[in-house]
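A closer look at the structure
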Amino acid sequence: MELADRYPNLAVSSHPLVAHKLSILRDVATNTKKFRELVRELTWLLGYEAMSDLDTRPRTVRTPLEETQGAEVEPKVGLVPVLRAGLGMVDAMLELIPSAEVWHIGLYRDERTLKPVEYYNKLPDAATAQVCLILDPMLATGGSAAATVDILKAWGAGRIKQVSLIAAPEGVATLSEAHPDVDIHVAAVDRALNERGYIVPGLGDAGDRQFGTFAGPASEPGHAAGDETAEVVRRLQRDLAGGR
Ligand code: PRP
Ligand code: URA
């Protein structure tokens, strides 16, 4: 069964501009400046699609000629960039919806276990946004996304959407099984995760490519990974194949 049939919450953009820009983004020859520009442009295009079902309320507008009925977006939207890599998606989203609140969540993925580790969360006690858009370029194992949704649901967010540039099938399955009510908007679903938990063909490390943090072999994908990492990936792949 196709992934999109199994998970109706998954929306993969079919826009030609998305496919074009994503191909340049993936290219190992794309430099940091160009990479950041492309993350921003792709976020704009995906954000446009992800917010296509926001409720609006009527608003009367006076044009220079006459009064007419317009519309304004009803829900308060919260943008939730996952540090670090989600930061590059914020400005484009704010261009689309300047009234949005921005709530940062700090998570990094332990290289060995591939489990998310939370290190920053300043959400106030009660939810202030009705629709939350999680911004993170990569949906790999899905662990970071599922943990972020857990945080937002505990906060009281009403509707939650995940906006990512590239997903692995394993990540779509993990997030969808844990949170079937969360819409997932992506530019592409790639072939798989490799034994280091990186999306292939992917684009490498989205944080490092945006922020130019290449420190040689030690920072290359999965440098510190070992057997434990490969076992985590194998388990996710068994789950996916078995349809859980
Ligand atoms: C990357 C990415 C996601 C996470 C995805 O962040 O930006 O947050 O990995 O992986 P998952 O789906 O397997 O959880 P990373 O941990 O590299 O942190 P960084 O953005 O600070 O570099
Ligand atoms: N995080 C990344 O930046 N890239 C991947 O392929 C997986 C997780």
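Sequence order as written defines the numbering, with residues in each chain counted from 1. Chains and ligands are labelled sequentially in the order written, the chains with letters from A and the ligands with numbers from 1. Confidence filtering applies because this is a predicted model: local features only for residues at pLDDT of at least 70, side-chain atom pairs given and counted only at 80 or more, and all residues used for totals across whole chains, interfaces and linings. Processing note: side-chain calculations cover all non-hydrogen atoms of the structure and skip hydrogens and water entirely.

**So, the overall build of the protein**
- In this description a helix means any DSSP run of H or I spanning at least four residues, a strand means any run of E spanning at least two, and both kinds are numbered starting from the N terminus. The secondary structure content of the protein amounts to eight helices and 13 strands.
- By the compact-globule yardstick of 18 Å for 244 residues, the protein fits well, its C-alpha radius of gyration being 18 Å.
- By principal-axis analysis of the C-alpha atoms, the protein measures approximately 70 × 40 × 40 Å.
- Out of the 244 residues belonging to the protein, those deemed buried represent 46%.
- In the protein, the share of contacts with a sequence separation of at least 24, taken over all contacts with a separation of at least 6, comes to 66%.
- Note that accessible areas follow from Shrake-Rupley with a 1.4 Å probe, and for residues the cover is restricted to the protein chains shown. As displayed, the protein has an accessible area near 11900 Å², and 52% of this comes from carbon and sulfur atoms. Based on C-alpha atoms, the radius of gyration is set beside the globule rule, defined as 2.2 Å times the residue count to the power 0.38. Residue burial is assigned from relative accessible area. The probe radius is 1.4 Å, only protein chains are included, and a residue is buried under 20% of its type maximum, exposed over 50%, and partly exposed in between. Note on definitions: a residue-residue contact is assigned when non-hydrogen atoms from the two residues lie within 4.5 Å.

**Considering helix 8 (residues 227-241)**
- The length a helix should cover is 1.5 Å for every residue beyond the first. With 15 residues, helix 8 extends 21 Å between its outermost C-alpha atoms, agreeing within 8% with the 21 Å of an ideal straight helix rising 1.5 Å per residue.
- Taken together, the buried positions of helix 8 are T229, A230, V232, V233, L236 and L240. All buried residues of helix 8 project into a common sector of 155° when viewed along the axis, lining one side. Those residues of helix 8 that are exposed and aimed more than 90 degrees away from the buried face are D227 and A241.
- On its buried side, helix 8 packs onto helix 1 (3-6), helix 6 (169-178) and strand 12 (192-193). Think of the arc as the fan of directions from the helix axis to the C-beta atoms.

**Remarks on the nonpolar core**
- L25, V77, L133, L135, V163 and L165 are the most contacted members of the largest nonpolar core, which has 39 residues in total.
- Residue assignment for this core shows that the elements contributing at least two residues are helix 2 (16-26), helix 3 (32-50), strand 4 (77-83), helix 4 (90-96), strand 8 (131-135), strand 10 (159-167), strand 11 (183-189) and helix 8.
- In terms of residue count, helix 3 provides more of this core than any other element does, seven residues in total.
- In contact with L133, not counting residues within four places along its chain, are M51, V77, G78, L79, V80, M93, K161 and V163. Each nonpolar core is a collection of buried residues, namely Ala, Val, Leu, Ile, Met, Phe, Trp, Tyr and Cys, held together in the definition by side-chain atoms within 4.5 Å.

**Description of the environment of V102**
- Looking at the secondary structure, you find V102 in strand 5 (residues 101-102).
- The sequence separation of V102 and V90 amounts to twelve residues, and the corresponding C-alpha distance is 8.0 Å.
- Once residues within four sequence positions are removed from consideration, V102 is found in contact with L79, P81, V90 and L94.

**Observations concerning the site of ligand 2**
- Note on terminology: near, applied to a residue and a molecule or strand, indicates that one of the residue's heavy atoms is within 4 Å of it. R109, M138, A140, G197, Y198, I199, G204, D205 and A206 make up every residue found near ligand 2.
- Contact between ligand 2 and I199: an oxygen atom at 2.9 Å from a main-chain N or O atom of the residue.
- A total of 230 Å² of accessible area belongs to ligand 2 in isolation, and the protein chains cover 88% of it.
- Among the residues making up the shell around ligand 2, the classes are represented as five nonpolar, two polar and two charged. N or O atoms closer than or at 3.5 Å make up a polar contact, with two conditions inside protein: a donor-capable atom paired with an acceptor-capable one, and, for residues adjacent in sequence, both atoms drawn from side chains. For this classification, Asp, Glu, Lys and Arg are treated as charged, while Ala, Val, Leu, Ile, Met, Phe, Trp, Tyr, Cys and Pro are nonpolar and the rest, including Gly, are polar.

**Structural notes on helix 5 (residues 143-155)**
- Over its 13 residues, helix 5 extends 18 Å from the first C-alpha to the last, a length consistent with the 18 Å expected when each residue adds 1.5 Å.
- Within the span of helix 5, buried status applies to G143, S144, A145, A146, T148, V149, I151, L152 and W155.

**Quick word on the side chain of T113**
- Considering the arrangement of structural elements, one finds T113 in the loop between strand 6 (105-109) and strand 7 (116-121).
- In contact with T113, not counting residues within four places along its chain, are E228 and V232.

**With respect to a nonpolar patch on the surface**
- A surface patch of nonpolar side chains, about 320 Å² in accessible area, is lined by Y108, Y119 and Y120.
- For Y108, the position within the fold is in strand 6.
- Owing to a relative accessible area of 44%, Y108 belongs among the partly exposed residues under this scheme. Surface patches are drawn from residues lacking salt bridges whose relative accessible area is over 30%; two like charges belong together within 9 Å, two nonpolar side chains (Val, Leu, Ile, Met, Phe, Trp, Tyr) within 5 Å. Just to be clear on terms, a salt bridge is a Lys or Arg side-chain nitrogen sitting within 4 Å of an Asp or Glu carboxyl oxygen.

**Digging into the site of ligand 1**
- Looking at ligand 1, there are 14 residues lining it, with R109, D136, A140, T141 and S144 nearest.
- The side chain of R84 places a nitrogen or oxygen atom 3.0 Å from an oxygen atom of ligand 1.
- Here an oxygen atom of ligand 1 sits 2.8 Å away from a polar atom, N or O, in the main chain of R109.
- Contact with the protein chains removes 89% of the 500 Å² of surface that ligand 1 exposes when unbound.

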